[in-house]
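# Examination of the molecular architecture
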There are 2 protein chains.
Amino acid sequence: MITIKDVAKKAGVSVGTVSNVINNIDIVSESTKRKVFKAIKELNFKPNIIARSLSKGKTDNIAIIVPEINNPFFPELIRGITDFLETKGYYAIIINTDNNAEKEEIFINGLNSFLVSGIIIAPADSKGKDFRVLSELKIPIVIVDRESDNLNDDTVIVNNHKGAYDAVNYLINCGHKIIIILCGSNHTKTAQNRYIGWRKAMEENNLFNDDYIYWGDFTIDSGYKMMDEVLKKFKKVDAVFASNDIIAIGAMQAIRENGLRIPEDISIIGFDDIYFSKLLSPPLTTIRQPVYEIGSMAAEILLKKIEGKSELKNICRYVIDGELIIRDSVAKKAGS
Amino acid sequence: MITIKDVAKKAGVSVGTVSNVINNIDIVSESTKRKVFKAIKELNFKPNIIARSLSKGKTDNIAIIVPEINNPFFPELIRGITDFLETKGYYAIIINTDNNAEKEEIFINGLNSFLVSGIIIAPADSKGKDFRVLSELKIPIVIVDRESDNLNDDTVIVNNHKGAYDAVNYLINCGHKIIIILCGSNHTKTAQNRYIGWRKAMEENNLFNDDYIYWGDFTIDSGYKMMDEVLKKFKKVDAVFASNDIIAIGAMQAIRENGLRIPEDISIIGFDDIYFSKLLSPPLTTIRQPVYEIGSMAAEILLKKIEGKSELKNICRYVIDGELIIRDSVAKKAGS
DNA sequence: TAATAAAATTGAATCGATTAAATTTATTAA
DNA sequence: TTAATAAATTTAATCGATTCAATTTTATTA
């Protein structure tokens, strides 16, 4: 192993000087710099990141905690985050909690600032979870995609309320009246806010009905089951607002298996615009989240906090608007 | 920050003893152990992983290098790897190269054993790439999913040859004769071996024809384009063997857009069995890779190598059989 | 009870870089 | 030429845990 000592010896200078050179501390004369660079190259020296971390008291790792790596939404979020991080010399440690609050807790408890100097977290689905450990860590944190009552920190999130409101209004404008909502987990603010958006649009158009509300969670399975119940209960349903695309996919399966056609018999709209939504048959109309951008934004904010460059001292919520993507899963009724 | 010194002082013992306690070195008397544990608990001490890594000369990080995190195959592979790693106290640093050999190279060059003590890599698509840096690192490496001529190390991989052979034989048994192959990138062994499997089955049945071969890469787009060309060139095609599910998805789109039905007009079979394949319409018949298991197997092998427990000194290839999953995208012709 | 062996504990060196005070060398002004 | 100042360089302490030789304590045996 080539160390800074070897370089110093070869270049005929002290370790302090080598350190100054590799850290771009501009106090070293040009001629010494040249000697040092030459030695570094000849020895193929690479500084030991661990040793550096120890003496600097910080690491170049940040943790990304996601609830479900199988929902393509999250790999794309990760891509947005890591693409940004890597340009700045940071590495991402990725933890997939599989929506298991316990697993999340174990990881967070084991976590300390020695391992990572920042965290980007999309909390697992869990009501009233205690995130005190996280705040006690005194590590910069950015929350993405899912808010939590018990975690109060900088947040980058899509405008769930408005997105849902827009989606439902689109359904209404297409002439639909009986509009079911298949919610995600009631333990997530995400699902709650999408519900509120649905409710607002329904109430404004005098279409609101308690019976239209189904709570489940953000899985294909849950979407399938909820839709199955809907079809058992209702003789006639105009349209379905699925709280995310994954739920929509499950619901579409249930609809098809019940011998109904999309959108001729039932229209459906989703939320997220994951990559596969455009490939479904019919391609899914949905609210697109700029998820890659949300990821890189979260990373940028986190690095600013880590490097102490954050302009604002108070906590910020960055709320990004989604966009209605019209495809073929919603029918336009005559006269609409 | 609470250090081992603080614990030693509080417990009234030396740092060496505290170190022995937290490292389970069974030389400490029960009574001292109790004192130390008490102090650890009271101070909420957590060992500094960085300092430990420095003095032990190894880290608890391993790198996972994947070519495309957007193909759901890889998140599932990552899940298999990390679930295993986490039980052993290792963390995964995930690098997505987006099939960009240059990006992969930059990362690998920046890599050193201080950062990670092992690597699991599914190389980016690149012909004749030079992996010498990797072997010079002297870090344990396990290759998954994609082999490379220039990387020779323990490998966990599905039996691509047999899988393709089985898939094509299934098509043949269903009565298909004109069977196109949509290959992935010619720069990957994966695509090459699947091609060889196709070819063997075709030749054995006297169905082989050079014109049936299309080379592209492992993307939806490529699948779409190749299929489009096929449909322009051939009046009649019985079936398509797509080199992976992603290609199949693109091809299915092209087929549909050309006004043809699956499987009535054209049958199609994929490879991988990614999560979404069963959700397509029609659900895709494909060769299932036990990807989660491949991931945990790779992780297990890697940890054995890292911890020096590897029984065998020579390089091993673990070849796992895929499984034909019959769904609805292949038609059975009369008399077959 | 002394001698010896075994067990438990200590403490200083170490890992490889950073950092800041101390020292040396170069530059400028008088 | 010398003193004062600025620039460049060195040196040693430091980060927090591990490790092992040295020492102390405890247990065993004669």
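Numbering of residues begins from 1 in every chain and follows the order in which that chain's sequence is written. Whichever chain is written first becomes A and whichever ligand is written first becomes 1, with later ones labelled in order. The model is predicted, so local features are restricted to residues of pLDDT at least 70 and side-chain atom pairs to those at 80 or more, both for listing and for counting; the totals for chains, interfaces and linings are taken over all residues. Hydrogens and waters are ignored; side-chain quantities use all the structure's heavy atoms.

## A short note on the domain arrangement of chain A
All names here are of chain A. Selection rule: Each domain span listed reflects an automatic or database assignment of domains. When two components associate, each loses some accessible surface as probed by a 1.4 Å sphere; the sum of these losses over both components is called the buried area.
For chain A, the domain assignment lists domain 1 (4-42), domain 2 (56-158 + 291-318) and domain 3 (160-289). When each unit is reduced to the centre of its C-alpha atoms, the spacing between domain 2 and domain 3 is 29 Å. Here domain 2 packs against domain 3, burying approximately 1400 Å² in sum over the two surfaces, 50% of which is carbon and sulfur. Interface area lost by domain 2 to domain 3 is led by D125, K127 and V158, which between them contribute 34%.

## Let's talk about the protein's contact with DNA strand D
Selection rule: We call a residue near a given molecule or strand whenever any one of its heavy atoms falls within 4 Å of it. Counted as a polar contact is a pair of N or O atoms within 3.5 Å, where, for protein atoms, one must be capable of donating a hydrogen and the other of accepting one, and residues adjacent in sequence contribute only when both atoms are in side chains. Every helix listed is a DSSP run of H or I at least four residues long, and every strand listed is a run of E at least two residues long, numbered separately from the N terminus. Each residue gets one of three labels, nonpolar for Ala, Val, Leu, Ile, Met, Phe, Trp, Tyr, Cys and Pro, charged for Asp, Glu, Lys and Arg, and polar for the others, Gly among them.
Around DNA strand D, the surrounding shell holds 27 residues, and the nearest of these are A:S14, A:T32, B:M1, B:I4 and B:R52. The sugar-phosphate backbone supplies 71% of the atoms of DNA strand D found within 4 Å of the protein. In this structure, a phosphate oxygen belonging to DNA strand D sits 3.0 Å away from a main-chain N or O atom of A:S29. Here a phosphate oxygen of DNA strand D sits 2.7 Å away from a polar atom, N or O, in the side chain of B:R52. Of all the secondary-structure elements, those providing two or more residues to the surface near DNA strand D are α2 (15-22) and α4 (49-56) of chain A together with α2 (15-22) and α4 (49-56) of chain B. Counted by class, the surface near DNA strand D contains twelve nonpolar, twelve polar and three charged residues.

## Here's the deal with the pairing of strand β6 (residues 179-183) of chain A
Residues and elements named next belong to chain A. The test is simple: Each residue's exposure class comes from its accessible area (1.4 Å probe, protein chains only) as a fraction of the maximum for that residue type: buried when under 20%, exposed when over 50%, partly exposed otherwise. In short, DSSP must find at least two bridges between two strands for them to pair.
Within β6, five of the five residues are buried, leaving the element largely enclosed by the surrounding structure. Burial of the side chains of β6 extends over both faces: I179, I181 and C183 are buried on one face and I180 and L182 on the other. Alignment of β6 against strand β8 (residues 239-242), held across four bridges, turns out to be parallel. Bridging across to β8, I181 finds its partner in F241. In this structure, β6 lies alongside strand β7 (residues 213-215), joined through three bridges in parallel fashion.

## Section: the sheet that holds strand β8 (residues 239-242) of chain B
All names here are of chain B. As a reminder of what qualifies: Fitted lines through C-alpha atoms serve as axes, helices being fitted only where they are in contact, and the angles separating the N-to-C directions of these axes extend from 0 to 180 degrees. Two residues qualify as a contact provided that any one of their heavy atoms is within 4.5 Å of a heavy atom in the partner residue.
A sheet is described by the order of its strands in space; here six strands give the open sequence β7-β6-β8-β9-β10-β12, paired in mixed fashion. Since the sheet does not close on itself, it has two edges, and those belong to β7 (213-215) and β12 (323-325), each with one partner. Sheet twist, expressed as the mean angle between neighbouring strand axes with direction ignored, is 20°. Here β8 runs beside strand β9 (residues 267-272); their pairing, made up of three bridges, is parallel. Within β9, the position partnered with F241 by the bridge is I269. Across the face of the sheet, helix α10 (residues 220-233) comes into contact with β6 (179-183), β7 and β8 while running at roughly 150° to β6.

## What about helix α9 (residues 189-204) of chain A?
Residues and elements named next belong to chain A. So the rule is basically this: The length a helix should cover is 1.5 Å for every residue beyond the first. Directions are taken from the helix axis to each C-beta atom, and the arc is the one they span.
Under the 1.5 Å per step criterion, the end-to-end length of α9 is 22 Å for 16 residues, consistent within 8% with the ideal 22 Å. Among all positions of α9, only T190, A191, R194, Y195, G197, W198, A201 and M202 are buried. Summarising the axial view, the buried residues of α9 lie within an arc of 160°, below the 170-degree limit, and thus occupy one face. Buried residues in α9 make contact with β5 (154-158), α8 (160-173), β6, β7, β8 and β9 (267-272). Where α9 terminates, the next one or two residues include N206, which has phi positive at roughly 55°.

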